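Next come the chains, spelled out residue by residue.
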2 protein chains.
Amino acid sequence: MRLLTRTDLADLAYGAALLGTGGGGSPWIGRLAAEAWLDQGGEIRMITPDELAPDALVVTVAMVGAPTIMTEKLFRGDEMTEALALLERLNGRPVAAILPVEVGGMNSTIPLVAAGKLGLPVVDADGMARAFPEVQMVSFGIAGVPAAPMVLVNEHGDHALLQSEDNPRVEAMARAICVALGGVVHAASYSMSGADVQAHAIPGTMSLAIALGAARRQARATGSDPFASVLAALAAGGVHGTSVVLARGRITDLDRSERDGFTLGRATITTAGHCEVVLEFRNENLLAKTGEQVLAIVPDLISVLDTETADPIPTEELRYGQRVTLLGIGAPSVFLTPRALGVVGPAGFGLELPHSPLSPLT
Amino acid sequence: MRLLTRTDLADLAYGAALLGTGGGGSPWIGRLAAEAWLDQGGEIRMITPDELAPDALVVTVAMVGAPTIMTEKLFRGDEMTEALALLERLNGRPVAAILPVEVGGMNSTIPLVAAGKLGLPVVDADGMARAFPEVQMVSFGIAGVPAAPMVLVNEHGDHALLQSEDNPRVEAMARAICVALGGVVHAASYSMSGADVQAHAIPGTMSLAIALGAARRQARATGSDPFASVLAALAAGGVHGTSVVLARGRITDLDRSERDGFTLGRATITTAGHCEVVLEFRNENLLAKTGEQVLAIVPDLISVLDTETADPIPTEELRYGQRVTLLGIGAPSVFLTPRALGVVGPAGFGLELPHSPLSPLT
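Residues numbered from 1 in each chain as written. Chains lettered and ligands numbered in written order. Predicted model: local features only at pLDDT ≥ 70, side-chain atom pairs only at ≥ 80, totals over all residues. Heavy atoms only, no water.

Examining the relation of the copies chain A and chain B
Where we set the bar: To superpose the copies, least squares is applied to the C-alpha atoms of every residue with a pLDDT of at least 70 in both. Pairs of residues are marked as contacts when any of their non-hydrogen atoms sit within 4.5 Å.
When chain A is brought onto chain B, the operation consists of a screw motion whose angular component is 180° and whose axial shift is 0.0 Å, with 0.0 Å RMSD remaining. Taken together, the rotation angle and the small translation identify this as a two-fold axis. When you check the interface residues of chain A against chain B, 100% turn up at the interface there too, and the contact is symmetric in its surfaces.

Considering the sheet that holds strand S15 (residues 293–297) of chain A
Residue and element names in this part refer to chain A. Going by this rule: Pairing between strands is defined by DSSP: at least two bridges between the two strands are required. Secondary structure elements follow DSSP: runs of H or I no shorter than four residues count as helices, runs of E no shorter than two count as strands, and numbering proceeds from the N terminus. Axes here refer to lines fitted to C-alpha atoms; in helices the fit is confined to the stretch in contact. Angles between the N-to-C directions go from 0 to 180 degrees.
Across the sheet, 7 strands lie side by side as S15-S14-S13-S12-S11-S17-S16; this open sheet has antiparallel pairing. The open sheet has two edge strands, S15 and strand S16 (301–306), and neither has a second partner. Between one strand and the next, the sheet's axes are offset by a mean angle of 35°, whatever the strand orientation. Pairing of strand S12 (residues 262–270) with strand S13 (residues 276–282), which is carried by 7 bridges, proceeds in the antiparallel orientation. Its bridge partner being in S13, isoleucine 269 is matched across the sheet by valine 277. Taken strand by strand, helix H1 (residues 6–19) contacts S16 and strand S17 (323–329), and its axis lies near 120° from that of S16. In the packing of helix H10 (residues 226–237) onto the sheet, the strands contacted are strand S11 (243–259), S16 and S17, and the crossing angle to S17 comes to about 15°.

Concerning the domain arrangement of chain A
Interface extent is often summarised as the accessible area lost during association of the parts. Residues and elements named next belong to chain A. Inclusion rule: Domain delimitation in this document rests on an assignment produced automatically or drawn from a domain database. Every case where a carboxyl oxygen of Asp or Glu lies within 4 Å of a side-chain nitrogen of Lys or Arg is listed as a salt bridge. N or O atoms within 3.5 Å of each other form a polar contact, as long as, within protein, one can give a hydrogen and the other can take it, and as long as residues adjacent in sequence are counted only when both atoms are side-chain atoms. Only Asp, Glu, Lys and Arg are considered charged, only Ala, Val, Leu, Ile, Met, Phe, Trp, Tyr, Cys and Pro nonpolar, and every remaining residue, Gly among them, polar.
The domain architecture assigned to chain A consists of domain 1 (2–203) and domain 2 (240–349). Distance from the C-alpha centre of domain 1 to the C-alpha centre of domain 2: 25 Å. Where domain 1 meets domain 2, there are 0 salt bridges. At the boundary of domain 1 and domain 2, one finds 10 residue pairs in polar contact (both at pLDDT 80 or more). Those elements that provide at least two residues to the side of domain 1 that touches domain 2 are H1 and helix H6 (139–142). Residues of the side of domain 1 that touches domain 2, tallied by class, amount to 14 nonpolar, 9 polar and 2 charged.

Some words on the pattern of salt bridges
Residue and element names in this part refer to chain A. Worth spelling out the cut-off: Relative accessible area decides the class of each residue, using a 1.4 Å probe on protein chains only: under 20% of the type maximum gives buried, over 50% gives exposed, and in between gives partly exposed.
For the structure shown, the criterion picks out 24 salt bridges over all chains. In this structure, the salt-bridge partner of arginine 216 is aspartate 311, at a minimum N-O distance of 2.9 Å. Of this pair, arginine 216 sits in helix H9 (residues 205–222) while aspartate 311 sits in the loop between S16 and S17, placing them 95 residues apart in sequence. You can call aspartate 311 partly exposed: its relative accessible area is 28%.

Right under this line is the structure:
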């Protein structure tokens, strides 16, 4: 068991933004709420999957909706209390721990506050080792764990309990409820046993995100190369495949639109060697290519960092003229099976390309 | 207690189409399923509100969605079993009877099959005495009965339990789930006590719909005027205000579109005296006027009948050249309070006109 500190929260916010691969919403709101909780004398406990009893009830909590609306809505952290009580009644036993659904983006920090206020530990694991946009895009979902029962609540206490054996239909219902309730809802789903978490969640992702932030912080303090530090922390984490700098350059073209809560578009990055890399995104960065050569493609992670500061840049904050470094991070092996690629690979995002390994610009 | 016969079902289908005021979906599918149930030896029992114990649990069942999609989907009649079981658990007592939410359109006959197969009686009452498009547009909702908990199910057994203190938000969630689940869902809602039904439902509406069908059937058999018979049955029913023929003529102009599951538009009816009556509809007929003179406006009922046969014509089946008779039927007095008019009056449909009494063309 580890007690998270304010420094951990700041480090986590950095790592979560990087693993957000351009999307997933800002970890900022959750971080602020978590800091306020610590300031009140609250605790946030993190445990490893091994610390769970095999029959312990573990559920995921997350916010669903358009990140841009999120920042305008108040987040208290106790919105999930009633939703979790409902899942406890349905499962016939108390919730023992909270599992983050995704360590990338806002849903890395949101569960900390809910867990802290409920006196529950957070599990050092998640279902994505990054951010993905849909409910079914998690390792445990791909392994056959049903997302339902899912409980959605909004700030008025309105709630919906969704039941379906089909995770994509749960996703469709959740998205619809989210829009009907004003754009953002809190969701609790994926009731699992401790044994399920041990078998199907991706372990160590929360501590990896914290380690990424720490690596960048220490590089800053010592004046060393933050990219080298971050790459070393990724390698040490052992969660992902190989990580590499894919390309470096300046944003010379940007075509982006906001539609149905999605940030869609493409950016062209021109390198010092006059090579043009095209980055395609739909909330998250999905594809980087030069000509017909694919440098990286989902489910591998593509993170755009400020070349100066190594700050992650979300897709909605890409700007013409920015100097950026594209980091490619290999997906965890659990996402490279044919079954997984059908859900979180190119086909899951409507891309008519096969998955291919990271191939940095040479 | 009354056992419904095949003749009652045919008569009900006619009355329900007339009280559908152009919308509400066709009573046909529910009628077929109810007839099949009787053919198998099943019973359909109808009781008056007075026959309910004051503490009996009564719930409404209905189909929600686009009527055009409905006809393409199979309807079995037992879709509600699990949904009702869930409402029973939430209410802590068994359902004693099923209340139709609306006697106009498809939801007049749908509950008969569900009730029959569950061995429950149907109450001779509803919340609209016609068809209205939204969850909150019922007498008991206006009186303060919450629509939630509402359970929605589809043909795959997917379901959603909705909770909100605000009936329009329940409507918004239900509509969203309906679209996410393929366009049509079965809904159970408005958990009431027998005393609630006696105080806030509109009694006698199912038997009135049956009486309307019987009146037309008998007029046909005897060669007498079906319009006179129907008007007499409406008067005898005592459910509505005064009923009159508003206008007679031929459809000389028709402007109609299908959007988001709504049939929207207007028809012009030119009378023998060259007077033009404009009928505006959004699924249901909402307004009939000539120049600036309002002949009828919601919540009063406007039914378009074939002048030859007295068959009700739904808005999606209006045709250029049809000879039609516009019937105006006064709304039940419960819908004429300021509070009710805010929900089911012109304002509830975005019409910037006050409610005014029926005013037939002279």
